[in-house]
Amino acid sequence: MEWSEQKIDKSNIDEFTLFLKEKFKNLNESKFTLDLEGVERVDFTFVQLFVALRKSCNQKGVELEVVRMEESVRRYLEFAIDAMVKDGR
Amino acid sequence: MNEELQLFLEDAHEQLQTMENALLSIQEEGMDKERIDEIFRAMHTIKGMAGMFGFDGVVECTHIAENVMESVRNGEFTLDASHVDLLLRTKDHVQTLVESATEGLEMDERLQERHQALMRQLDGIMAGDGGEGLLHLSLRFKESFFQSGVELSALLRFVEDMGEVVARVPVFDLVPDLEAIEPTKCYVGYELQLRAHKSAKEIEEAFSFVEEDLEVHIFDPHDPQAFVRFLKETSTPEESVKAYRRHRLYEEKYLDEVVERVLEELIEGVETPPPPPQPEPIPQEPPKKEERAVEVAPKRFTLRVESSKIDRLINQISEMVIANAKITQLAEELNNPALEESSGVLSSMLEELRNGIMNIRMVQVGGTFNKFRRVVFDIAKKLGKEIEFEIVGAETELDKSVIEKLSDPLIHMLRNSIDHGIETPQERELRGKPRKGRVELRAYPDAGTIVIEVSDDGAGIDRQKVLQKAIAKGIVPEDATLSDKEVAMLIFAPGLSTASEVSDISGRGVGMDVVKKNIEELRGMLSVESEEGRGTKITIRLPLTLAIIDGFLVQVGDTKYIVPLDMIQECLEYTPRMKERMRNKDYIELRDEIIPLLDMRKHFNERIRHDIRENIVVVKYAKSVVGIVVDELFGEFQTVIKPLGEVFRNVPGISGATILGSGEIALIFDIPSLIDHKLRHARVYQ
């Protein structure tokens, strides 16, 4: 079961949520792999959902692995999720 | 606080007020060379004065501010609203530093942090970053945000257009887990630090297009008050603080302090003042002066009031005390409990009012004493003597009018000490003394009085010389037998001077008798102790105040008298058994101590009443204790001291009079002179 659309944004975030929930419910391993092959564009609804997924994995002691992520998506996630604190403020 | 520090404090306040006025003027009317110069001068002056006292924090802060103003003067940059705001905060900070320093306080941690933050900001201007202040932006996206049509990451990029983002920290604490999340609702927030090149207000306005879907807070993170206000207003304070700690956006101590203040204010229900106006480009509407005044109002300030105004107030209170005494008496006569109660309340309030006003008049003697340093220096220089002058107890308080009248007598005594007492350095060396003579001016409170001592380690009073001179001048008879103390007291006799050479310093013999007269006019007493070759100590004992005292009303024969309450040790009934035990001598034995008695009926030729029980009022002055025999005891009485007329002015044992509620006059016992009389009499009698 893989996500087949090229984008994950507010237009299809409900479906993607259902997709993740289903996948998470049927998880038999100690690792959750999120395959983002083909996903070229995301918006912040995806970021938020990714955070929620990470939370659930932490709660269940499951390792979260993201694979085949496009560079643009990676940069977007980094910008949104990673804290940036410059030295010498 | 000594006089120099007080002067520095007052001068610094004036300079800082000038600075504030100039900054507010720039804020209102734009840059002006004259105003820039005023600010520069204010910082420069305070720096110079603070340097003399070693107040390093003040020097550091004013030095940087001075450099900033120097750069402005040189046209290196122009002041904008954010600079003015920073300089106003600098002014407030310098004021706090000056006040702390003059009170001898070290910078506490909170002040130290504020100091460092301000230094960094001032340095920032000097480093050429245009003085762009660091602002904190707290963004909380509402659940509806995803429906706003605005892409959240685009909004974060938008912030970058307003300045340099130096920190960006996401707040995801409120994002639910996968099971609970509703993906079209927004749960996130961001904390940003921005070195903004726009004002806080401009940034806030820039977010207005999403104001319904976004909660924005913008504040100066180095202003603890603003920080506290933010945490009280934001919907997610805990998450914010967690994020700051997680990513070390602020120092732990600073955060702890801010959080503590938030909790304190929430517990106490204290309202945080409304946010100060944010900096605006100049010219713009300035912050209201009233708001600014409230914000920067100093914690303490001195109000200079003409002393005659306070004197008038004291006179009015004195009249009120007398009027109330009449009401009290009337209430008793009418046997009206309600009126008695009301007059009792009024009495208490008047007493509080009286104490408050009297307290205003109390000033530290150090202010006057310090002026004598220059006097001592000048006299010593003129006479070729070396003097070590020490002031002890400068913090002792005394009624201002007493201090004013004390100044000249003290100067005269110091002159006498240096001129007659202290030997030349050569003489001192020959006598095995240090070259430098020591003169000490000491003040301390003692049993409701203030004691001032002028002492020196000079030659002491030459008993024979003084006595011979007194005899030659006809001041004492040739066959007089005087004790050492009595001889020493002759230096206060009119026309007596033992100085072999008359100088313009002292020695004309017209000074010390005037000194004695002045002290006695202040209801004070003088005593002298001297030891040849070792030095002299003149002691002045003064009442704390001159206007109203707490008295104790008694009756002797047909006359009512007042005994100053602070001199009373105890009152007791003079029983026949006590009289019998002491065989009717003028003594009683009280707890194994023999106390001489002074029967006021005999002393003032009052009618002896046999119908009442006698009482003894035990009074103490200096180290002497005497029992005063009176007829009736009435209790405490607020006593307004009225001067005696010409006829009664020199009656021994009476220092003044007061008016009772009935309109009667009660005379005030002059306890020191009564004790003196009794002890002299007792000595001769023995």
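Parameters at a glance
- Residues numbered from 1 in each chain as written.
- Chains lettered and ligands numbered in written order.
- Predicted model: local features only at pLDDT ≥ 70, side-chain atom pairs only at ≥ 80, totals over all residues.
- Heavy atoms only, no water.
- Helix = DSSP H or I, 4+ residues; strand = E, 2+ residues; numbered from the N terminus.
- Buried < 20%, exposed > 50% of the residue type's maximum accessible area, 1.4 Å probe, protein only.
- Contact = heavy atoms within 4.5 Å.
- Areas by Shrake-Rupley, 256 points an atom, 1.4 Å probe, with all protein chains shown as cover.
- Axes fitted to C-alpha atoms, helices over the stretch in contact; angles between N-to-C directions.
- Parallel < 35°, antiparallel > 145°, perpendicular 65-115°, else oblique.
- Nonpolar A, V, L, I, M, F, W, Y, C, P; charged D, E, K, R; others polar.
- Core = buried A, V, L, I, M, F, W, Y, C linked by side-chain atoms within 4.5 Å.
- Phe/Tyr/Trp six-rings, centres within 6.5 Å; stacked < 30°, edge-to-face > 60°.
- Pairing = 2+ DSSP bridges.
- Buried area = accessible area lost by both parts, 1.4 Å probe.
- pLDDT = per-residue confidence, 0-100.
- Polar contact = N/O pair within 3.5 Å; in protein donor to acceptor, adjacent residues only side chain to side chain.
- Left-handed = near helix turned anticlockwise from the far one by under 90°.

Draft legend 1. Summary view of the overall build of chain B. Within chain B one finds 22 helices and 21 strands. Residues counted as buried form 49% of the 686 residues belonging to chain B. Pairs at least 24 residues apart make up 70% of the contacts formed inside chain B by residues separated by at least 6 positions. With an accessible surface of roughly 34,700 Å², chain B has 50% of that area assigned to carbon and sulfur atoms.

Draft legend 2. Spotlight on the packing of helix 8 (residues 224-233) of chain B against helix 9 (residues 237-246) of chain B. Residue and element names in this part refer to chain B. Two elements in contact, helix 8 and helix 9, have axes whose closest approach is 8 Å; the angle formed by their N-to-C orientations is 130°. Considering the angle they form, helix 8 stands oblique to helix 9. Within the contact between the two elements, helix 8 uses Phe227, Phe230 and Leu231 and helix 9 uses Pro237, Ser240, Val241 and Tyr244. Partitioning the contact of helix 8 with helix 9 into residue classes produces six nonpolar, one polar and no charged.

Draft legend 3. Quick look at the nonpolar core. Counting 58 residues, the largest nonpolar core has A:Phe16, A:Phe44, B:Phe141, B:Tyr190 and B:Phe207 as the members making the most contacts within it. If one sorts the elements of this core by residue count, helix 2 (residues 44-60) of chain A sits on top with nine residues. For B:Phe207, the residues in contact, after removing those within four places along its chain, are B:Leu137, B:Leu139, B:Leu155, B:Phe158, B:Val159, B:Met162, B:Leu214 and B:Val216. Counting 45 residues, the second-largest nonpolar core is a separate cluster that includes B:Ile391, B:Leu398, B:Leu406 and B:Val528.

Draft legend 4. Local environment of the packing of aromatic side chains. Under the defined criterion, the tally for this structure stands at 26 aromatic pairs over all chains. Ring geometry for A:Trp3 against A:Phe19: centres 5.8 Å apart, planes inclined by 55°, an arrangement best described as tilted. Of this pair, A:Trp3 sits in the segment before strand 1 (7-8) while A:Phe19 sits in helix 1 (residues 13-25), placing them 16 residues apart in sequence. Judged by relative accessible area, which is 11%, A:Trp3 ranks as buried. Taking 5.7 Å as the distance between ring centres and 45° as the angle between the ring planes, the aromatic pair formed by B:Phe8 and B:Phe55 counts as tilted.

Draft legend 5. Highlighting the pairing of strand 20 (residues 654-659) of chain B. Residues and elements named next belong to chain B. Looking at chain direction, strand 20 and strand 21 (residues 665-669) are connected through five bridges and run antiparallel. Residue pairing in the sheet places Gly656 in a bridge with Ile668 of strand 21. Where strand 20 hands over to strand 21, the hairpin turn is made up of five residues, of which Gly663 adopts a positive phi near 95°.

Draft legend 6. Spatial organisation of the interface of chain A and chain B. Residue-level contacts link 29 residues of chain A with 36 residues of chain B. Carbon and sulfur atoms make up 59% of the surface buried where chain A meets chain B, a total of about 2,800 Å² over both sides. Elements represented by at least two residues in the side of chain A that touches chain B include exactly helix 1, helix 2, helix 3 (71-81) and strand 5 (84-85) of chain A. Note: strand 5 of chain A against strand 2 (residues 163-171) of chain B, two bridges, orientation antiparallel. If you follow A:Val85 over to strand 2 of chain B, its bridge partner there is B:Ala167.

Draft legend 7. Molecular detail of the confidence of the model for chain B. All names here are of chain B. For chain B, the average pLDDT comes to 81, and 89% of its residues sit at 70 or higher. Per-residue pLDDT stays below 50 along residues 270-299; that stretch engages in 53 contacts with residues further than four places along the chain or on separate chains. In the predicted complex, the global pTM is 0.43; the interface-specific ipTM is 0.94.

Draft legend 8. Region of the structure containing the confidence of the model for chain A. Across chain A, pLDDT averages 90, with 96% of residues at or above 70. When pLDDT is averaged over each helix and strand of chain A, the minimum, 84, is found for strand 5 of chain A and the maximum, 94, for helix 2 of chain A.

Draft legend 9. Quick peek at the side chain of B:Asn615. Residues and elements named next belong to chain B. As for its position among the elements, Asn615 is in strand 17 (residues 615-621). Taking the relative accessible area as the measure of exposure, Asn615 reaches 13% and is therefore buried. Of note is the side chain of Asn615, whose polar atom sits 3.5 Å from the backbone oxygen of Arg613. Look past the residues within four positions of Asn615 in its chain and what remains in contact with it is Leu572, Glu573, Tyr574, Ile628, Val629, Val630, Asp631, Glu632 and Leu633.

Draft legend 10. Summary view of the pairing of strand 11 (residues 535-543) of chain B. Residue and element names in this part refer to chain B. Where burial is concerned, most of strand 11 is hidden: eight out of the nine residues are buried. Strand direction decides the pairing type here: strand 9 (residues 449-456) and strand 11, joined by eight bridges, are antiparallel. Note that in strand 11 the partner of Val451 across the bridge is Arg541. The pairing of strand 10 (residues 525-531) with strand 11 spans seven bridges and is classified as antiparallel. Bridged to Val528 within strand 11 is Ile538. Here strand 10 folds back onto strand 11 in antiparallel fashion, the turn holding three residues, of which Gly533 has a positive phi close to 80°.

Draft legend 11. Summary view of unusual backbone geometry. Residues and elements named next belong to chain B. In the Ramachandran plot, Arg248 falls in the positive-phi region, its phi being about 50° despite a non-glycine side chain. By the secondary structure assignment, Arg248 is in the loop between helix 9 and helix 10 (252-268). A positive phi angle is found at Asp592, which is not glycine, with a value near 65°. Considering the arrangement of structural elements, one finds Asp592 in the loop between strand 15 (587-590) and strand 16 (593-599).

Draft legend 12. Quick look at the sheet that holds strand 19 (residues 632-640) of chain B. Residues and elements named next belong to chain B. Here we have five strands laid out as an open sheet, ordered 19-12-13-21-20, and mixed in their pairing. Each edge of the open sheet is held by one strand with a lone partner, namely strand 19 and strand 20. Sheet twist, expressed as the mean angle between neighbouring strand axes with direction ignored, is 35°. Against the sheet, helix 12 (residues 307-334) makes contact with strand 12 (548-556), strand 19 and strand 20, and its axis sits at roughly 150° relative to strand 19, the strand it touches most. Packed onto the sheet, helix 13 (residues 337-361) meets strand 12 and strand 19 and runs at close to 130° relative to strand 12.

Draft legend 13. Region of the structure containing the sheet that holds strand 3 (residues 189-196) of chain B. Pairing is antiparallel across the open sheet formed by five strands, whose spatial order is 5(A)-2(B)-3(B)-1(B)-4(B). Of all the strands in the sheet, the pair left with one neighbour each is strand 5 of chain A together with strand 4 (214-219) of chain B. Relative to strand 3 of chain B, strand 1 (residues 134-141) of chain B runs antiparallel, the two being bridged by seven bridges. Its bridge partner being in strand 3 of chain B, B:Leu135 is matched across the sheet by B:Leu194. Its contacts with the sheet put helix 6 (residues 152-160) of chain B on strand 1, strand 2, strand 3 and strand 4 of chain B, and the angle it makes with strand 2 of chain B is roughly 150°. The strands touched by helix 9 of chain B within the sheet are strand 1, strand 2 and strand 3 of chain B, with strand 2 of chain B carrying the most contacts at an inclination of about 115°.

Draft legend 14. Inspection of the packing of helix 2 (residues 33-53) of chain B against helix 3 (residues 56-73) of chain B at higher detail. All names here are of chain B. The interhelical angle for the contact between helix 2 and helix 3, taken along N-to-C directions, is 155°, at an axis separation of 8 Å. Viewed along their axes, helix 2 and helix 3 adopt a mutual orientation that is roughly antiparallel. Two packed elements cross with a definite hand, and for helix 2 against helix 3 that hand is left-handed. Along its contact with helix 2, which presents Ile36, Asp37, Ile39, Phe40, Met43, His44, Ile46, Lys47, Ala50 and Gly51, the element helix 3 presents Val58, Val59, Thr62, His63, Ala65, Glu66, Met69, Glu70, Val72 and Arg73.

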